[in-house]
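Spelled out, the chains give:
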Amino acid sequence: MAAEESYPDDIRYHREHDWARIEGDEAVLGITWYAQDALGELVHYEPPEQGATVSRGTPYGEVESVKAVSDVIAPISGEVLEVNKAVVDAPETVNEDPYGNGWLIRIRLSDPAEAEQLLDAAAYREVLAEQ
Amino acid sequence: MKLIFERSREGRRAATVPRPDGLARAEAPQELRRRRPPRLPEIPENEIVRHFTKLTTRNFGIDTGFYPLGSCTMKYNPRVNERVAALPGFRDLHPLQDEEGSQGALELMVELQEILAEVTGLDAVSLQPAAGSQGELTGLMLMRAYFADRGEGDRRRKIVVADTAHGTNPASVTMAGYELVKVDTDKRGNIDLDDLRAKVDDETAGLMLTNPSTLGLFDEHIEEIARIFHESGGLLYYDGANLNAVCGISRPGDMGFDIVHINLHKTFSQPHGGGGPGGGPIAVRRRLEPYLPVPAVVRDGRRYRLEFDRPKSIGKVRAFTGPFGVFVRSYAFILAWGRELKTMSEDAVLNANYLLARLRDAYELPYDRLCMHEFVLSARNLKREHGITALDVAKRLMDYDFHPPTIYFPLVVPEALMIEPTETETKETLDEFADAMTAIAREAAEDPDVIKSAPHNRPVKRLDEVKAAKRAVVRYRFEDHPDLAAEPTASAATEAPKGV
Amino acid sequence: MTYVCLTDADREEMLATIGVSSVEELFRDIPEGVRLKRELDLDDPLSELEIVQRLERLAARNVPAGEEISFLGAGVYDHYVPAIVDAILERGEFLTAYTPYQPELSQGVLQALFEYQTVICELTGMDVSNASGYDGTTVAADACYIAKHATGRSKVVLAESLNPQVRQVVRTYAPGFGLEVVDVPHREGVTDPEELRAAAEGAAAVIFQQPNFFGCLEPAPELAAAANDAGALPVAHVDPVSLGVLEAPGAYGCAIAIGEGQGAGNPLAFGGPHYGFIAAREEFTRRMPGRIVGETTDVDGNRGYVLTLQTREQHIRREKATSNITTNQTLLALGGLIHLCWLGPQGLRELGETCMSLAEHTKDRLGLQPVFPERTTFKEFAVRIGRPAVEAIRAARTRGVHPGYPLGRDYEGMDDVLLVAVTEKRTLDEIEALAGALAA
């Protein structure tokens, strides 16, 4: 049921195993294949409130599997526009499709320049090699 | 197997409540009265007994077989302790009975306090905390009161905890309102002294440590660790979960610890009861005595009494003076050993080292040292070579009629198996267990499927924990009982599928 | 020595396998400086017979209920616990098992706890119960912790008519939780909803007791409404034995129900071990402390039980856990389950009615001044006896009667007040003896 391992080139990564897809002055955030694999099948997603502020490098929510709970770290700062209700209802969506249907929140960027500090797929793969 | 609610039939009952004739009936006012009765089962007494007896056939205790759960000290629970705890003079004694009417109970408590002080090498004891975790929290509260009294409360915000610690330690730190600082373990299984020195300063209130650690290893630098903390003005807290290794050999007070909690349900044989009760008394250095919970139980010449006048006490962590029934059992247990308590720990350590010697080749040994009363193996070699995990080994052990050891703890060891045999096991039992573990390692290579599909002989096979977490069904839903079984049950009267 | 399993021959073989020459060598990692260099200062080991004799001598120096006619309550009660409770709890498969970490070996305990959780939810009208807390005081601290994190507020309000030990324990836990604790005084033995509402502004939770420490029935639905109006979580501390005749907290707007379970299934035992229960509405499920058992299926589709939502707990969530509790009070909670199943819904109702009626009868027979004459009481009531209660107790005890608890220990202006508890065990003759002992 879980997806095959992949780290798409069209998105950016944070070393705490979170990703951001930048779309103009907005971004969609989620967790990487590595993160969902380490946790196992997700059973719960605790999202932030719509309108909440998320700050780069700090947690904005939690995901839980049977054996672990993990903070979800914001790779980039902004204001929460939308929470992915599909994941709240069916957290395993993240395991099935971590970069597509398994997106967690959509934000309006507060400081677009922060995107430059994110890792590309190659750099993130290097981080994984160190694990 | 049916739930007891599924055995209920309207109009059946077990109890009769006697009621004097002609007694005028008193009732609650209408607005406070129960409208709908609670849906307790309506069931005759023999059915209740059968139901619970059947449940016992689906459960494994120390009485059933070898139960090497690391850090739980699953030793034999002597039955004489149950007999004495049931003496009416203990069992039916009200905690608010006058002191004149409870001298026997108070004397027992004072004697137990004195014994625990001697065993831990400390000065004053409170028996009040209900379990080890509560003992930890009480100890941290004591620290807070002590430092507040010295005007250092605001400054000292941090508690240092080893990365191998039980999860209770960091959880207690948070509940006590402290900040957590983690310190690493080095390759020999000791606390990394350099890391420790970097993390201890005048904002540190203290250290929480268990010694031997959850790796079953005695920290060789304990004297230096104590020095580091005491020089910075901090206190040392000893998690007594592993006390079974060192009774009569080394005392936490002599190691430098200032506050100790003892798990009466581990070292001192209070039966575990399926998850409790326990007892978590704490022992402290004299200078911390004023902060202990109230009431204190004290000897006053030849009488015993409760002392409430302790102005610096942190207050109360539990009702009355603590779980007295637990004290009776532990006291009786200690009387059986007396000053020979050291033999208990020696045999515990001998049994563990013997198993270690027998298993070190079939599994990976993360720390190549003599162990104390428990040791940790890794099943990483089996995972790497055959895809067999610690979980798989645990399930297969059930087929050999053993309770598995603790798995996946401590976190610093991957595929961890934490094994604590205790002293109440014969060499034959240890050999049988070692043979089973070795056989499973062989099966991993020759027949991994039999391991993956284990257990085979239990009332259930491997259970879906994901389903239980996602859609938590935590009570019997009378209104619709959504049976999660694959085949729907036609009604409450039908037996569950597959005749379990 | 009694529990030793190894012979000298065994030890020799084992040492050889290990590769050391003595047991002493196994401890070589322990530094000299921390070794105990003398024997422990304890007595000689005793045989089983001697242990029993010693403990019997100690027990004989206590006066248990049964050796005097006892009307002592104040939080724990002399109810009749049926014989099947001991018969079942003595079985080694329950008694000597530990926390059910390996569910395939522990379906007995897990299913029993699932049934216990169900019974607690039924009694309290709630959606989720844990598998027990330490006692009726610590579950109040647990409720405050839940409320703080659920509401984001840092104040809790306690009714003064709530058991003093419960309030004291909450106050002991409060500094670590970062909570301010405020009391609301009782007015003629109960709590005033308007006063409660005012105090509950900005509070995370309000805790009141039903029936309260004086035995009086509080206007519980109004107290719950007052708390809800102020945005605080109403928490009711209830007596399980009363829940066959009194309404369930879940039915009158409470968020959490807690209590001391002892009266259902446990002996007095000089204060413990007993069990605390805590149950809540569904929305608080993930904030519940302690073990929770859930239903699931195995790979063949058979129904089974597991510890669930473990990510709340210390062994996974560590410093962010909902509580540090690990070992709880399982065996005592099982005692409660068995007792409550034995009573059944009819029996529980009859038990509550009998206690209440006997207490009313006792009030009549005593002919003493009730402290709160306007209040309906359940199984306990407070009377003024015209002289220091402590003296009256001493005098009555010389006549084989323990008349009750001296409320002056906990409340101002009540040195002449006795709190008298009447359970189903008290006969009419015993009540006459009480009347006689207090009239003297």
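Across its full length, chain B carries 16 helices and 12 strands. For 500 residues, the compact-globule estimate of 2.2 N^0.38 gives 23 Å, and chain B sits close to it at 26 Å. When its C-alpha atoms are laid out on the principal axes, chain B stretches across 75 × 70 × 45 Å. Counting the 500 residues in chain B, one finds 58% classified as buried. Taking contacts inside chain B between residues at least 6 apart in sequence as the whole, the part at least 24 apart equals 71%.

When helices and strands are counted, chain A shows 4 helices and 9 strands. Helices and strands appear in chain A in the N-to-C order β-β-β-α-β-β-β-β-β-α-α-β-α. The C-alpha radius of gyration computed for chain A amounts to 13 Å, which stays within 12% of the reference 14 Å derived for 131 residues, consistent with globular compactness. Expressed along its principal axes, the backbone C-alpha trace of chain A runs to roughly 35 × 35 × 20 Å.

Before going further, it helps to examine unusual backbone geometry. Cis rather than trans, the peptide bond between Val294(B) and Pro295(B) has omega equal to 0 degrees. Along the chain, Pro295(B) turns up in the loop between strand S7 (282-284) and strand S8 (296-300). Not every positive phi belongs to a glycine, and Ser269(B) is a case in point at roughly 60 degrees. Its location among the elements puts Ser269(B) in the loop between strand S6 (259-262) and S7. Even without glycine at this site, Leu309(C) takes up a positive phi of about 50 degrees. Structurally, Leu309(C) is set in the loop between strand S10 (303-307) and helix H10 (314-317). Of the residues examined, Leu309(C) has 24 C-beta atoms within 10 Å and is grouped as buried.

Before going further, it helps to spend a moment on helix H7 (residues 164-177) of chain C. Compared with an ideal rise of 1.5 Å per residue, which puts 14 residues at 20 Å, H7(C) spans 20 Å between its outermost C-alpha atoms and is within 8% of the ideal. Within H7(C) the residues assigned to the buried category are Gln165(C), Val166(C), Arg167(C), Val169(C), Val170(C), Thr172(C), Tyr173(C), Ala174(C), Gly176(C) and Phe177(C). Close packing links the buried residues of H7(C) with helix H5 (132-149) and helix H6 (168-175) of chain B together with helix H6 (138-151), strand S3 (155-159), strand S4 (180-184) and strand S6 (233-238) of chain C. At the exit of H7(C) stands Gly178(C), carrying a positive phi of roughly 70 degrees.

The interface is formed by 178 residues belonging to chain C together with 179 residues belonging to chain B. It is helix H11 (residues 330-366) of chain C that provides the largest number of residues to the side of chain C that touches chain B, a total of 24 residues.

Bringing the sheet that holds strand S3 (residues 26-31) of chain A into the picture now. The strand order across the open sheet formed by 6 strands is S1-S2-S3-S9-S8-S5 (chain A), and the pairing between neighbours is antiparallel. Unpaired on one side and paired on the other, strand S1 (12-14) and strand S5 (53-54) of chain A mark the two borders of the sheet.

Here we come to the nonpolar core. Nonpolar side chains in soluble globular proteins generally cluster together in the buried interior. All names here are of chain C. One finds Ala-143, Ala-205 and Ile-256 to be the most contacted residues of the largest nonpolar core, which totals 338 residues. Here this core takes 17 residues from H11, the largest share from any one element. The residue makeup of this core includes at least three contributed by each of domain 1 (70-79 + 344-439) and domain 2 (84-337). Apart from residues lying up to four places away in sequence, Ile-256 is in contact with Ala-143, Ile-146, Leu-233, Val-235, Ile-278, Ala-280 and Phe-284.

Consecutive side chains of a regular strand alternate in pointing toward one face of the sheet and then the other. Residues and elements named next belong to chain C. By the criterion of burial, strand S12 (residues 380-384) is predominantly enclosed, with 4 of the 5 residues buried. Sheet analysis places strand S11 (residues 369-370) next to S12, joined by 2 bridges and oriented antiparallel. Bridging across to S12, Pro-370 finds its partner in Val-383.

We now examine the packing of helix H5 (residues 107-124) of chain C against H11(C). Residues and elements named next belong to chain C. Running from N to C, H5 and H11 cross one another at 60 degrees; their axes reach a closest spacing of 9 Å. Considering their axes alone, H5 and H11 lie oblique with respect to each other. Regarding H5 and H11, the two cross each other, and that crossing is left-handed. Within the contact between the two elements, H5 uses Val-109, Ala-112, Leu-113, Glu-115, Tyr-116 and Val-119 and H11 uses Thr-330, Ala-333, Leu-334, Gly-336, Leu-337 and Leu-340. Among the residues making up the contact of H5 with H11, the classes are represented as 9 nonpolar, 2 polar and 1 charged.

Our focus in this paragraph is the packing of H5(B) against H6(B). Residues and elements named next belong to chain B. Between H5 and H6, the least distance of the axes is 9 Å, while the angle of their chain directions is 45 degrees. If you check the angle between H5 and H6, you find them oblique. Here the hand of the crossing between H5 and H6 comes out right-handed. Between H5 and H6, the contacting residues are Gly-132, Ser-133, Glu-136, Leu-137 and Leu-140 on the first element and Thr-168, Asn-169, Ser-172, Val-173 and Met-175 on the second. A breakdown of the residues in the contact of H5 with H6 according to their chemical character gives 4 nonpolar, 5 polar and 1 charged.

All names here are of chain C. Overall, mixed pairing links the 7 strands, which are arranged S2-S8-S7-S6-S5-S3-S4 in an open sheet. Edge positions in the sheet fall to strand S2 (128-129) and S4, since each of these pairs with one other strand and no more. One ladder, built from 5 bridges, connects S3 with S4; its direction is parallel. Paired with Val-156 across the bridge in S4 is Val-181. Docked against the sheet, helix H9 (residues 220-229) engages strand S5 (205-210) and S6, running at close to 150 degrees with respect to S6.

This paragraph deals with H6(C). Residues and elements named next belong to chain C. Taking 1.5 Å per residue as the helical rise, H6 with its 14 residues ought to reach 20 Å, and the 20 Å between its terminal C-alpha atoms agrees with that figure. For H6, a buried count of 11 out of 14 residues is recorded, marking the element as mostly surrounded by other parts of the structure. Those residues of H6 not exposed but buried are Thr-138, Val-139, Ala-140, Ala-141, Asp-142, Ala-143, Cys-144, Tyr-145, Ile-146, Ala-147 and Lys-148. For H6, the elements touching its buried residues are S3, H7, S5, S6, strand S7 (256-260) and strand S8 (276-280). Directly after H6, the chain includes Gly-152, whose backbone phi takes a positive value near 75 degrees.

All right, on to the confidence of the model for chain B then. With 96% of its residues at a pLDDT of at least 70, chain B reaches an overall mean of 93. Within the model, the stretch residues 482-500 of chain B combines pLDDT values under 50 with 38 contacts to residues more than four positions away or in other chains.

What follows deals with the environment of Phe402(B). Residues and elements named next belong to chain B. By the secondary structure assignment, Phe-402 is in the loop between helix H13 (390-399) and strand S11 (406-407). Using a count of 22 C-beta atoms within 10 Å as the deciding quantity, one classes Phe-402 as buried. Between the C-alpha atoms of Phe-402 and Leu-122, which are 280 residues apart in sequence, the distance is 38 Å. Sequence-distant contacts of Phe-402, defined by excluding residues within four places in its chain, comprise Gly-65, Phe-66, Leu-397, Phe-433 and Ala-436.

Quick look at the environment of Leu6(C) now. When you line up the elements, Leu6(C) lands in the segment before helix H1 (8-18). The contact partners of Leu6(C), leaving out residues within four places of it in the chain, are Asp347(B), Lys427(B) and Arg11(C).

Calculation notes
- Sequence order sets the numbering: in each chain, residues are counted from 1 along the sequence as written.
- The naming scheme follows written order: chains are lettered A onward, ligands numbered 1 onward.
- Local features in this predicted model are restricted to residues whose pLDDT is 70 or higher, and side-chain atom pairs enter the listing and the counts only when it is 80 or higher, whereas totals over whole chains, interfaces and linings include all residues.
- Only DSSP runs of H or I covering at least 4 residues are called helices, and only runs of E covering at least 2 are called strands; the numbering of each starts at the N terminus.
- Here the globule rule is a power law, 2.2 Å times the number of residues to the power 0.38, and the radius of gyration is based on C-alpha atoms.
- With C-beta atoms placed from the backbone, a residue is buried if 20 or more other C-beta atoms are within 10 Å of its own, exposed if 12 or fewer are, and partly exposed between those counts.
- A residue pair is marked as a contact if its C-beta atoms, positioned from the backbone, fall within 7 Å.
- Expected helix span is given by 1.5 Å per residue-to-residue step, counting one fewer step than there are residues.
- A strand pair is defined by DSSP finding two or more bridges across the two strands.
- Buried Ala, Val, Leu, Ile, Met, Phe, Trp, Tyr and Cys residues whose C-beta atoms connect them within 7 Å together make up a nonpolar core.
- The start and end points of each domain follow an automatic or database-based domain assignment.
- The axes are straight lines fitted to the C-alpha atoms, using for helices just the contacting stretch, and the angles between their N-to-C directions are given from 0 to 180°.
- Every angle not falling under 35 degrees, over 145, or within 65 to 115 is termed oblique; those three ranges are roughly parallel, roughly antiparallel and roughly perpendicular.
- Crossing chirality is assigned from the near helix's rotation relative to the far helix, an anticlockwise turn below a right angle marking it left-handed and a clockwise turn marking it right-handed.
- Any residue that is not Ala, Val, Leu, Ile, Met, Phe, Trp, Tyr, Cys, Pro, Asp, Glu, Lys or Arg is counted as polar, Gly included; the first ten are nonpolar and the last four charged.
- Each residue carries a pLDDT value, the predictor's own confidence for that position, ranging from 0 to 100.

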